[in-house]
Amino acid sequence: MKPTFRPVVYAHHKRQDGTYNVKINVYFNGKERRLPTTIYCTKNDLTRTHHIKNQDIINKCNTLIAKMHNAIADISIFDLEGRDVDWLVRRIKGKLQAASFRLDFFAFAQEHIASKNESTRRTYITALNAFALFLGRDNLDINDITRRMIVEFAEHCDAQPKRKLSKITGEWVVTERNKKKGITTAMYVRKLATIFKAAKSRYNDNDNDVVLIPRSPFDNVVVEAAYNEGQKPLPTDIIQLLLSAPADRDGTLRCALDALVVSFGLMGINMADLYEARPPRDGVLHYRRSKTRDRRPDGAEMQVVVPAELQPYLDRLGAGTDAEYWLPRLRTLSTSKRGITTPINYHIENWCKAQGVERFTTYAVRKAWATLARSTGADKSLVDECIGHTGDYVLTDIYALKPYDKMAELNRKVLDMFQW
């Protein structure tokens with residue numbers, strides 16, 4: 001049985017202003033449902049039996065009914081068998097809502113990232129700022145985002161010098177380093193794609209065939225995340241050079257280099273986590289990785305055996321001299337974990353110039369550890385565990401303890417590659 005639609009006005013539905021709301025009655029499989037509309041009429045538009053006689057209103061109703069027919073035009077009579085009138089109404093409402101659906105991508109993005117931790121939120125905000133700079137505005141309907149737009153955005157990012165927003169003038173200014181390609185552009189596109197996917201997850205109801213965001217412009221966009229300056233894994237000869245670097249006059253350079261060595265020796269621990277680390281217990285450092293602790297079911301818990309080789313470097317960083325923080329000397333470089341990488345990278349740059357080697361950043365140490373760990377033949381999942389990557393094993397993270405003994409063995413293999 002095919003559904004039928006009919007505009008109706010009920011005498012007892014008269015409003016206080018004397019108007020009547022036109023309803024569309026949906027008849028299907030012996031049952032009916034009334035769908036309210038935005039069409040209203042007065043007594044003069046009706047016959048004495050409350051049938052609509054105003055041709056303009058009749059035309060509006062016919063237009064709406066045509067849209068309802070179109071909403072189910074792709075469903076055959078055979079597919080309708082076994083369906084009820086409530087399913088049909090949901091399908092019609094969903095299709096009509098999709099036709100008029102509007103969602104500001106930037107407004108949704110701000111809401112989506114509000115609950116994320118500070119460091120994660122900053123990366124999303126940076127990507128949104130870059131997208132707004134490209135568009136020349138910070139509002140855009142989500143269904144107006146196209147694949148061509150994303151490709152042009154990626155090309156724009158690759159071509160642009162590095163910029164930052166001045167807190168004094170509120171304007172974008174070009175910084176000294178003008179390289180902003182590869183991995184940065186890929187990160188921007190990835191963050192925007194994650195926001196888009198979250199919007200589809202919230203507003204689409206595929207079970208009831210309600211698809212307000214019908215496509216993803218990111219599906220066929222490939223951005224090569226080429227290594228940027230300072231992002232390549234650190235060569236082993238440079239790591240060995242770090243291990244034996246002499247002390248400097250005021251100790252700040254050596255402090256920065258010691259932090260790098262300790263980060264490497266603790267399976268590439270991030271500087272932010274090293275900055276806020278509490279003293280180890282029985283030779284084991286316990287911490288929760290700040291970058292992912294809020295989005296992992298296990299709280300991103302990590303336990304790292306502190307190798308004996310690190311002790312001279314730890315001593316210079318003040319290990320054991322503060323009851324609250326493990327390495328208090330890091331606080332002479334920065335007043336917050338958010339800013340700890342800036343002075344360290346500054347000292348790295350000066351050290352690289354003095355040694356005549358290619359500049360790198362703190363992140364290169366983490367990549368170096370992961371690269372060397374993989375070179376031992378270790379399983380990729382074990383390397384992921386060691387560097388605290390989120391991975392795809394959500395239930396495993398909930399129910400199973402990490403293989404800390406195997407992680408310590410792998411770290412030992414990496415450290416044994418060097419002379420300490």
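Quick caveat: nothing in here was measured; it's all calculated off a predicted structure.

1. Topic: the environment of Pro235
- Relative to the helices and strands, Pro235 resides in the loop between helix H7 (183-203) and helix H8 (236-243).
- On the basis of relative accessibility, which here comes to 42%, the residue Pro235 falls in the partly exposed class.
- Taking the C-alpha atoms as reference points, Pro235 and Ala368, separated by 133 residues in sequence, lie 7.2 Å from one another.

2. Structural notes on the sheet that holds strand S2 (residues 20-28)
- Taking strand neighbours across the sheet as the criterion, the three strands line up as S1-S2-S3 in an open arrangement whose pairing is antiparallel. At either end of the open sheet lies a strand with only one pairing partner, and these are strand S1 (4-8) and strand S3 (31-41). Neighbouring strand axes in the sheet, compared pairwise and without regard to direction, differ in orientation by 25° on average.
- Examined bridge by bridge, S1 and S2 share five bridges and lie antiparallel to one another.

3. A closer look at the side chain of Asp273
- Structurally, Asp273 is set in helix H10 (residues 271-275).
- Since its relative accessible area comes to 2%, Asp273 is described here as buried.
- Apart from the residues lying within four places of it in its own chain, the contact partners of Asp273 are Tyr287, Arg288, Arg289, Ser290 and Arg293.

4. Re the side chain of Thr37
- Within the secondary structure layout, Thr37 lies in strand S3.
- Owing to a relative accessible area of 10%, Thr37 belongs among the buried residues under this scheme.
- A polar contact of 3.1 Å, which involves the side chain of Thr37, links it to the backbone nitrogen of Ile39.
- When near neighbours in sequence (up to four residues on either side) are disregarded, Thr37 contacts Asn21, Val22, Lys23, Ile24 and Leu64.

5. Examining the packing of aromatic side chains
- Under the defined criterion, the tally for this structure stands at 13 aromatic pairs.
- With a centroid separation of 6.4 Å and an interplanar angle of 15°, the aromatic rings of Phe131 and Phe134 are classed as stacked. Taken as a pair, Phe131 and Phe134 lie in helix H5 (residues 118-135) at a separation of three residues, close to a single helical turn.
- On the accessibility criterion, Phe134 (22% relative accessible area) is partly exposed.
- Feature note: the residues Phe105, Phe106, Phe131, Phe134, Phe153 and Tyr188 constitute an aromatic cluster, connected by ring pairs.
- Over the ring of Trp87 we find Arg83; its NZ or CZ atom is 4.2 Å from the centre of that ring.

6. Some details on the nonpolar core
- Residues Phe264, Leu266, Trp326, Phe360 and Trp369 are the most contacted members of the largest nonpolar core, which totals 59 residues.
- In this structure Leu266 touches Leu274, Leu285, Val304, Val305, Val306, Pro307, Leu310 and Trp326, once residues within four positions along its chain are discounted.
- Counting residues in each nonpolar core, the second largest holds 36 residues, with Leu103, Ala130, Leu135 and Ala199 among its members.

7. Quick word on the packing of helix H13 (residues 362-375) against helix H14 (residues 380-387)
- Interaxial distance between H13 and H14 falls to 10 Å at its minimum, and their mutual angle equals 150°. The angle between H13 and H14 falls in the class roughly antiparallel. Here the hand of the crossing between H13 and H14 comes out right-handed. In this structure, H13 uses Arg366, Trp369, Ala370, Ala373 and Arg374 to contact H14, whose residues at the interface are Lys380, Val383, Cys386 and Ile387.

8. Some details on helix H9 (residues 252-265)
- Its 14 residues give H9 an end-to-end C-alpha distance of 20 Å, which sits within 8% of 20 Å, the value for a rise of 1.5 Å per residue.
- In terms of burial, H9 is largely enclosed, as 12 of its 14 residues are buried.
- Buried within H9 are the following residues: Arg254, Cys255, Ala256, Leu257, Asp258, Ala259, Leu260, Val261, Val262, Ser263, Phe264 and Gly265.
- Elements that come into contact with the buried residues of H9 comprise H8, H10, helix H11 (311-316), helix H12 (341-355), H13 and helix H16 (404-415).
- Just downstream of H9, Met267 is the residue with a positive phi angle, here 65°.

9. Notes on the pattern of salt bridges
- Within this structure, the stated rule accounts for 12 salt bridges.
- For Arg33, the salt bridge identified is with Asp86, shortest N-O distance 2.9 Å. With Arg33 in strand S3 and Asp86 in helix H3 (residues 85-100), this pair connects stretches of sequence that are 53 residues apart.
- When its relative accessible area of 32% is taken as the criterion, Asp86 is described as partly exposed.
- Salt-bridge contacts for Glu324 lead to Arg278; the nearest nitrogen and oxygen are separated by 3.4 Å. Of this pair, Glu324 sits in the loop between H11 and H12 while Arg278 sits in the loop between H10 and strand S6 (284-288); the two residues are 46 residues apart in sequence, bridging distant segments of the chain.

10. Regarding the pairing of S3
- Looking at chain direction, S2 and S3 are connected through eight bridges and run antiparallel. By the bridge assignment for S3, Tyr20 is matched with Cys41.
- The loop that links S2 with its antiparallel partner S3 comprises two residues; one of these, Asn29, has a positive phi angle of about 50°.

11. Side note on the environment of Thr185
- Inspection of the secondary structure assignment puts Thr185 in helix H7.
- Measuring from C-alpha to C-alpha, the distance between Thr185 and Ala127 comes to 8.8 Å, with 58 residues separating the pair along the chain.

12. What to know about the packing of H9 against H12
- Two elements in contact, H9 and H12, have axes separated by 9 Å at closest approach and are oriented at 105°. When the interaxial angle is binned, H9 and H12 end up roughly perpendicular. Across the interface between the two elements, Thr252, Leu253, Ala256, Leu257, Ala259 and Leu260 of H9 pack against Ile344, His347, Ile348 and Trp351 of H12.
- Of the residues that constitute the contact of H9 with H12, the class distribution is eight nonpolar, two polar and no charged.

13. Considerations on helix H6 (residues 147-159)
- When the terminal C-alpha atoms of H6 are compared, their 19 Å separation across 13 residues agrees well with the 18 Å that a helix rising 1.5 Å per residue should span.
- Among all positions of H6, only Met149, Ile150, Val151, Phe153, Ala154 and Cys157 are buried.

Thresholds, definitions, all that
- Residues numbered from 1 in each chain as written.
- Predicted model: local features only at pLDDT ≥ 70, side-chain atom pairs only at ≥ 80, totals over all residues.
- Heavy atoms only, no water.
- Helix = DSSP H or I, 4+ residues; strand = E, 2+ residues; numbered from the N terminus.
- Buried < 20%, exposed > 50% of the residue type's maximum accessible area, 1.4 Å probe, protein only.
- Pairing = 2+ DSSP bridges.
- Axes fitted to C-alpha atoms, helices over the stretch in contact; angles between N-to-C directions.
- Contact = heavy atoms within 4.5 Å.
- Polar contact = N/O pair within 3.5 Å; in protein donor to acceptor, adjacent residues only side chain to side chain.
- Phe/Tyr/Trp six-rings, centres within 6.5 Å; stacked < 30°, edge-to-face > 60°.
- Lys NZ or Arg CZ within 6 Å of the ring centre and 35° of its normal.
- Core = buried A, V, L, I, M, F, W, Y, C linked by side-chain atoms within 4.5 Å.
- Parallel < 35°, antiparallel > 145°, perpendicular 65-115°, else oblique.
- Left-handed = near helix turned anticlockwise from the far one by under 90°.
- Expected span 1.5 Å × (residues − 1).
- Salt bridge = Lys/Arg side-chain N within 4 Å of Asp/Glu carboxyl O.
- Nonpolar A, V, L, I, M, F, W, Y, C, P; charged D, E, K, R; others polar.

By themselves, these figures tell us nothing about what the structure is for.
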